[in-house]
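Now for the letters of each chain:
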Amino acid sequence: MCIAPSGSAAAPYIASPSRLGLTLRIDEARLSAELGARVPKQLAEARGRDVGAPGKLSYTITRGGFRYNVGSGSLSIETDLSGKLEVCKPLGPVCLRYGDCRPAWNASVSLPLEWTEPLKATTQVQMTSGCVLKPVGYDATTQVEEVTAREAGKIDRRIDSELAEAQRGWLARLREGLHPVKILPEGDAEPLCLSVTTQALEYDVTPAPEGEPAGVSVAAQVQGDLNLSCEGPRPLPTPRWAPGLAPEIDVHIPLAVSFQELEAQLSRNAPAPVSLRSFRSFAPEGLNTLFVGLDGYDACGTLWLLVQPRLTPEGIQLITQATGRAAAWLNAQVVPSPRERAALEAALAKTQTRLETQLERLKTEQDVHVQLRTELQPEVHVDRNSLVLVLRLRGQAQAQAR
């Protein structure tokens, strides 16, 4: 009985975006050390500042340790401030000190997790203990609040300036890292480059997981399509806060091999001209199936064999469970992979090595401990008019700063 394959049209293969992500956990002690290096213990100092009728004011304001909180769409950093103020009354060439006080404040800086350009912080300074000059009993709280507002404005401007500089640095380093990379030698007649069309830049900031040292966890991920193009770098999308982000490494590059090319390769030593057809499977998964036909091979005109594509180090095989001489011939055939496969597999291996080197440098220079687990996983899919070879690198990267 002669049976010809039939079914609905095969579904097109749609590649998922590649993802390259990292989770960085920063202990509270490390946060405080890094922040303390940028924020001095003594925040403000003045000598002999004229405050009107009370005379001249001298003061120093120092900070305590830092406290951190992540919630309600922001990262908040708090500290307690303590002041030492003295007031003197000018009398000729001298200024006679007649009172002092020790005011206190609570200061907080809130950084929104939602990305804006430029990124703006909200600073709040609230007095928790006023200033009554001893021993005279004069209440100088109003004058101290004026000083507080002036110093808070300076802190606001400094924070905004540093945030804007940090934003520019982050984006510049990201653009540099996403520049197309040439993967074939300079002398190649048709150079190949690996480039990224970035679709999303996502991040999240959360408290450290329960059971681990206090601190914050920063998740970041680049999502996009990898392609063989030397054009770029392409514009970056605006970074997006993605609550609940679980970053991973899942990099894959599809390479299409047309049925026409496969037919030509197989027909070179086939017992009959070869044709390929794909259909949508009737199985619940709705996967595509592939048939190889040998035209004029038997009384039916065309012998059709259901095959399963397999990707091997040597190339592409179309394996059938059928029996007979035609099936044995087909199972023994290996179609060479396109030249791009070897170049891209080498590029992915180099990418893995480069990533390991960069993370090792991060460990050496920034004292960040990194765990990187990746695995190369080649795949093959049936498309409407081609086989799609997918070169895939999967894994996870985690870092800990203590």
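In this text the structure is predicted, and so the values were computed from the model without any measurement.

What counts, and at which threshold
Residues numbered from 1 in each chain as written. Predicted model: local features only at pLDDT ≥ 70, side-chain atom pairs only at ≥ 80, totals over all residues. Heavy atoms only, no water. Helix = DSSP H or I, 4+ residues; strand = E, 2+ residues; numbered from the N terminus. Polar contact = N/O pair within 3.5 Å; in protein donor to acceptor, adjacent residues only side chain to side chain. Contact = heavy atoms within 4.5 Å. Core = buried A, V, L, I, M, F, W, Y, C linked by side-chain atoms within 4.5 Å. Buried < 20%, exposed > 50% of the residue type's maximum accessible area, 1.4 Å probe, protein only. pLDDT = per-residue confidence, 0-100. Salt bridge = Lys/Arg side-chain N within 4 Å of Asp/Glu carboxyl O. Arc of directions from axis to C-beta. Patch = residues over 30% accessible without salt bridge, like charges linked within 9 Å, V, L, I, M, F, W, Y side chains within 5 Å. Areas by Shrake-Rupley, 256 points an atom, 1.4 Å probe, with all protein chains shown as cover. Pairing = 2+ DSSP bridges. Axes fitted to C-alpha atoms, helices over the stretch in contact; angles between N-to-C directions.

What follows is about the side chain of Q400. Relative to the elements of secondary structure, Q400 occurs in strand β21 (residues 386-401). Side chain to side chain, Q400 and D27 meet in a polar contact 2.8 Å long. The contacts of Q400, once residues within four sequence positions are left out, are L24, R25, D27, E212, D367, V368 and H369.

Core analysis: the biggest nonpolar cluster contains 38 residues, and L276, I316, L318 and L387 have the highest contact counts within it. Here L387 is in contact with L255, A256, V257, F259, L262, L290, P309, I316, L318, V380, H381 and V382, once residues within four sequence places are set aside. By size, the runner-up hydrophobic cluster in this structure holds 23 residues, among which are I26, Y68, I159 and A401.

With 92% of its residues at a pLDDT of 70 or more, the protein has an overall mean of 84. Averaged pLDDT values for the elements of the protein fall to 66 in strand β9 (residues 181-182) and rise to 94 in strand β12 (residues 240-241).

So, on to the side chain of D27. Counting through the fold element by element, D27 comes out in strand β1 (residues 18-27). We classify D27 as buried; its relative accessible area is 10%. Contact partners of D27, with chain neighbours within four places excluded, come to P213, A214, G215, Q400, A401 and R402.

What follows is about the pattern of salt bridges. For the structure on display, the rule yields 15 salt bridges. Between R19 and E248 there is a salt bridge, with the nearest N and O atoms lying 2.7 Å from each other. In this pair, R19 is assigned in strand β1 and E248 in the loop between β12 and β13 (249-258), connecting sequence segments 229 residues apart. Salt bridges here are not isolated pairs; linked through shared partners, they connect R19, E248, D250, E379, R392 and R394.

Okay, helix α3 (residues 259-267) next. Turning to α3, its buried residues number three or more, namely F259, L262, E263 and L266. The buried residues of α3 occupy an angular sector of 100° when projected down its axis, which confines them to one face.

Turning our eyes to something else, we now look at a nonpolar patch on the surface. Together, L91, V94 and L96 line one region of the surface with nonpolar side chains, adding up to about 270 Å² of accessible area. Tracing the chain through its elements places L91 in strand β4 (residues 74-91).

Another aspect to go through is the sheet that holds strand β18 (residues 335-336). Spatially, the five strands line up as an open sheet ordered β14-β15-β16-β17-β18, and their pairing is antiparallel. Because the sheet does not close on itself, it has two edges, and the strands there are β14 (274-280) and β18. Strands in contact with α3 are β14, β15 (288-295), β17 (315-320) and β18; relative to β14, the strand with the most contacts, it is inclined by about 140°.

The next point concerns unusual backbone geometry. The omega torsion of the bond from E117 to P118 falls at -5°, within 30 degrees of zero and hence cis. Here K134 and P135 are connected by a cis peptide whose omega angle stands at 5°. Not every positive phi belongs to a glycine, and S72 is a case in point at roughly 55°. Take S72: it is sitting in the loop between β3 (56-71) and β4. On the basis of relative accessible area, S72 is assigned to the exposed category, the value being 84%.

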